[in-house]
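Structure assessment
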Number of protein chains: 2
Amino acid sequence: MFQIDRNSKTLLVDQIRNAIIARIESFQWVQGGRLPSVRALARQLGVSIFTVSSAYEDLVAQHIIESRPGAGYFILACSSVGPLKDTDTLAPPSGEHSGFLFRALDPAQFDIPVSSGYLPPAWLADAVPASVTGRLIRNTLSCGTPAPAAGSQDLRAVIARKLREVHIDASSSQIVVTMGATHGFALLRNMLLSPGDYLLVEDPSYLLLQLKLIKDRDFKIITVPRLDDGPDLAAMEAMLIKYRPKLFLTQTLVHNPVGGSTSPAKGFKLLSLSRQYDFHIIEDDTFGALASRQTLRLASLDGLDRTFYISSFSKVLSPALRLGYVAAPPAFVERLVEQKMYNLLCGSAIDETIVTYTLESGRYQRHLDALGQRVMQERSRAREWLGAAGVVFDEHGADGLFLWGRLPEQVNIPNLVEQAHQAGILLAPGSLFSNTGEYDQYIRFNVGYCNHPGFKRFLRTHIGLAHLRVVEGQSDVIDPVERPAVTV
Amino acid sequence: MFQIDRNSKTLLVDQIRNAIIARIESFQWVQGGRLPSVRALARQLGVSIFTVSSAYEDLVAQHIIESRPGAGYFILACSSVGPLKDTDTLAPPSGEHSGFLFRALDPAQFDIPVSSGYLPPAWLADAVPASVTGRLIRNTLSCGTPAPAAGSQDLRAVIARKLREVHIDASSSQIVVTMGATHGFALLRNMLLSPGDYLLVEDPSYLLLQLKLIKDRDFKIITVPRLDDGPDLAAMEAMLIKYRPKLFLTQTLVHNPVGGSTSPAKGFKLLSLSRQYDFHIIEDDTFGALASRQTLRLASLDGLDRTFYISSFSKVLSPALRLGYVAAPPAFVERLVEQKMYNLLCGSAIDETIVTYTLESGRYQRHLDALGQRVMQERSRAREWLGAAGVVFDEHGADGLFLWGRLPEQVNIPNLVEQAHQAGILLAPGSLFSNTGEYDQYIRFNVGYCNHPGFKRFLRTHIGLAHLRVVEGQSDVIDPVERPAVTV
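Residues numbered from 1 in each chain as written. Chains lettered and ligands numbered in written order. Predicted model: local features only at pLDDT ≥ 70, side-chain atom pairs only at ≥ 80, totals over all residues. Heavy atoms only, no water.

Assigned secondary structure in chain A consists of 17 helices and 13 strands. Overall size of chain A, expressed as C-alpha extent along the three principal axes, is 80 × 65 × 45 Å. Of all intrachain contacts in chain A linking residues separated by at least 6 positions in sequence, the fraction that spans at least 24 positions is 72%. (Helix = DSSP H or I, 4+ residues; strand = E, 2+ residues; numbered from the N terminus. Contact = heavy atoms within 4.5 Å.)

Take a look at the structure:
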């Protein structure tokens, strides 16, 4: 018979099921053959009868075996195994921005996701405390209640408490739970913008990447340069006068991708402008917890008067969760809840329960502290070797998960991105984050992935070869991966 | 010391934490007092050191106790217990439709949710198989990958297989996983409608309830009467000629709230009209699995050519999950995925994992069969007593979770709904589902809740009192709950 491995991460039920399928596929067990009885197999493998019978039930459901009452389980025609393997995979969208996000979300696509927006799984292994058990999940599943429209009261209360720790004074009735930060943006855009309105975004910005996914009918996008210490306020005032935007999207702490944080003085001026020119601000703080230098958030200065504060737990707890929230000025909460119900009725009570238990556990703050430490360490290592390899970092005071680096002029970025892709490395070129063309030579590096030896080898080789090609005057002709012998 | 209950559904960690909080709140343990050591309490309660230390960690995080290194754990000022209880609850939106949905989603609001859209929790207790364990969830949480943009390949493959069982021939690359059926609608509306376009909906219809949440800028809603055997096709053709709608929303099986199913002949004509007048169809099959008489879906007749098929697992597995899908014509899949990424990037890998394991288990079909049986039994019991109490059912061939009944004319429906509300009973009046005024005397009854003795007493009393009031000619004056003595 086959072996089972009690130390494997694969469930026993699945191990048994997979072993049977393997035998059928390799024709060791053939059509019409009788399987061992549940009892006999359980005894032989030293597992419970329940485990074996669950595995058999699964195979029946998949039309691989059948149960003949009184006679036992029998193997159906081998062709039945077919449907289990569905190789009809979905191609990424052809758009530059949607293609990137689609690939970035699919873990099977890349071995080294150097430009991913997520933290490495190993850094999050202990993020969820042991109090999140199967029993808790099963209780939540079988209690039979949906998540309330705005999110559970417990979750909103614990979020409000956590916000007070970063000096944002929000009552739980100002918190609306969303399916992540992106979802918060989508709901606020729909709520705050009317057709023809202008939306102001920083350039470069991750938010610009998201907005470029689709040509939205409801608003026009205008941009203001993002500097190291926040948006360029002079340029911003000119845009405010000219276009009177209704909404400004920004990231105060550790801007994605630039890395700098808005200074409190600039934040104060920004809030004054919002009053003078009558626009609202959406502040995205998804990565703020990872900043080694914590400064004031706009929502804290503003008292959630004109500012909507957005954050997410998908980054710092687990990408498998889809949970974030908006802290909104009181007058907008009701409309925001209506917008959410119109969009998806309510959230996942499972995800809400997991996050509630995690935030209430003593481990959460320690986890964030450890993450911040780790980001800082990896950041300085990454910056060192990337700098030595020829990548230039022209920001000052940058911090957080992303390094925003300019590659030497002789490196052809679209080629580099494509060759990285072929080598299983995900790279996000600056063009994804900017409308200006000014950042075409940039790459956003995730410090959690860019110290990978495979990526070091890849980048050093390609920057080195690009130098050589310039010397030979053939920079656009030679493919350094396929024909390195010619260039050396 | 305090007792713990190993048979309780409350986790041991929470029992310990709650017991300590109770002692602090009742001043048995006072500020500055030292707690038993972790080891001592663990020994005394017969639990692991880890369990006690987790409870203590939670209390530290909640600022109820503090850890003094080398000295132990001490109780902080009693005022610190305060923030745990957040009584700043969020009021329901004032809109009739959003107010209803908000209340219906909050389990704390009603003892007997007679008009709920969800199945009773007890009916779903065994829906998720034992193979969904804490280990599975923890693996998913710590594997560190988001759900792919369109949903996991495994889940999309198993959904495609299940669809083939109901004669819908969809490849897995046509399946886009959504956060429930409502989310599927929202994405398709955004994708298929341009500003000024007409959207055709049946009247009455649950879909109309959802659409009335918000005045959408992007489209105008027009309606066609829903008859027992599908939409009124003559009225429909007149609307098609006059308005040329781009999209038609319908429920083929067990229409919500009417209960009837569209006949295959009518379905065929509907599809012919969609070709003749060039519109798309969204078919919502959320409740179709509960129909005792299974007929052909439009998506099956149409071969997913002009029809988008939507369904959800939140109803038949657990309302705690937020997971549904769209099966789309191939040419629309890429745009739909882009729309989803623009709206919320991706779904919850946790919810996707739970549903994948459940669908793959042998239990799923048996669970659906048992649910269908139960719905049929409760439906006939409910119809009998409601009929005897004076509620009229004028549909033929209705089936599924909802009874759509007309109350006697002398019952003032807004009063009844309000008095039910006061008595902890959720009732959905016909006006929520219709624009015409024709259904104002109707109530949507969920057969899973309307056999509750408390509701029987309530309804019989109120219909009886309404009769009496008519006799006395005071129908709008007397409140039958507060002053029954006057009327009798």
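Membership of the largest hydrophobic core comes to 146 residues, with the highest contact counts inside it found for L386 and F455 of chain A together with L386 and F455 of chain B. Excluding its chain neighbours within four sequence positions, the residues that come into contact with L386 of chain B are V391, F393, L403, F445, C450, F455 and L459 of chain B. Counting 101 residues, the second largest nonpolar core, distinct from the first, contains A149 and V333 of chain A together with V176 and F185 of chain B. (Core = buried A, V, L, I, M, F, W, Y, C linked by side-chain atoms within 4.5 Å. Buried < 20%, exposed > 50% of the residue type's maximum accessible area, 1.4 Å probe, protein only.)

On to the interface of chain B and chain A, then. Many structure descriptions define interface size as the accessible area lost when the parts assemble. If you look at the interface, chain B gives 110 residues, while chain A gives 109 residues. Carbon and sulfur atoms supply 56% of the area buried between chain B and chain A, which totals about 9200 Å² over both sides. Of all residues in chain B, the largest losses of buried area upon contact with chain A belong to L105, R217 and Y342 of chain B, amounting jointly to 9% of the total for that side. Put simply, chain B and chain A have 6 salt bridges between them. The interface formed by chain B and chain A contains 30 residue pairs in polar contact (both at pLDDT 80 or more). Of the residues that constitute the side of chain B that touches chain A, the class distribution is 52 nonpolar, 32 polar and 26 charged. (Buried area = accessible area lost by both parts, 1.4 Å probe. Salt bridge = Lys/Arg side-chain N within 4 Å of Asp/Glu carboxyl O. Polar contact = N/O pair within 3.5 Å; in protein donor to acceptor, adjacent residues only side chain to side chain. Nonpolar A, V, L, I, M, F, W, Y, C, P; charged D, E, K, R; others polar.)

All names here are of chain A. Together, F268, L296 and L301 make up a nonpolar patch on the protein surface, roughly 270 Å² of accessible area in all. Mapped onto the secondary structure, L296 falls in the loop between β8 (280-284) and α11 (298-302). By relative accessible area, which is 34% here, L296 ends up partly exposed. (Patch = residues over 30% accessible without salt bridge, like charges linked within 9 Å, V, L, I, M, F, W, Y side chains within 5 Å. Areas by Shrake-Rupley, 256 points an atom, 1.4 Å probe, with all protein chains shown as cover.)

A word on the sheet that holds strand β12 (residues 428-429) of chain A. Strand order in the open sheet made by the 3 strands is β11-β13-β12 (chain A), with antiparallel pairing throughout. Pairing within the sheet leaves two strands with one partner each, and these edge strands are β11 (402-406) and β12 of chain A. (Pairing = 2+ DSSP bridges.)

All names here are of chain A. Across chain A, the average pLDDT comes to 88, with 92% of residues at or above 70. Long-range and interchain partners of residues 78-85, a stretch whose pLDDT sits below 50, account for 17 contacts in this model, where long-range means more than four residues apart. Across residues 474-488, where pLDDT falls below 50, the model places 22 contacts with residues more than four positions away in sequence or in other chains. (pLDDT = per-residue confidence, 0-100.)

The pairing of strands in a sheet happens through backbone hydrogen bonds and is either parallel or antiparallel. Residue and element names in this part refer to chain A. Read from one edge of the open sheet, 8 strands run β3-β10-β9-β8-β7-β4-β5-β6, paired in mixed fashion. Here the strands that pair on one side only, and so sit at the sheet edges, are β3 (175-178) and β6 (230-231). Taken together, the 7 bridges between strand β4 (residues 197-203) and strand β5 (residues 219-227) define a ladder with parallel strand orientation. Residue pairing in the sheet places L200 in a bridge with I222 of β5.

In total, this model carries 27 aromatic pairs over all chains according to the counting rule given. Ring plane angle 75° and centroid distance 5.2 Å describe the contact between F287 of chain B and F402 of chain B, whose orientation is recorded as edge-to-face. Linking F287 of chain B in the loop between β8 (280-284) and α11 (298-302) with F402 of chain B in strand β11 (residues 402-406), this pair joins segments that are 115 residues apart in sequence. Classification of F287 of chain B as buried rests on a relative accessible area of 8%. Between W404 of chain B and Y442 of chain B, the aromatic rings sit 5.0 Å apart at their centres with planes inclined by 35°, giving tilted as the arrangement. With W404 of chain B in strand β11 and Y442 of chain B in strand β13 (residues 442-446), this residue pair connects regions lying 38 residues apart in the sequence. Like Y442 of chain B, W404 of chain B is buried. Each residue in the set W404, F433, Y439 and Y442 of chain A is aromatic and connected to the rest through ring pairs, giving one cluster. The ring of F402 of chain A carries R444 of chain A above its face, with NZ or CZ at 4.2 Å from the centroid. (Phe/Tyr/Trp six-rings, centres within 6.5 Å; stacked < 30°, edge-to-face > 60°. Lys NZ or Arg CZ within 6 Å of the ring centre and 35° of its normal.)

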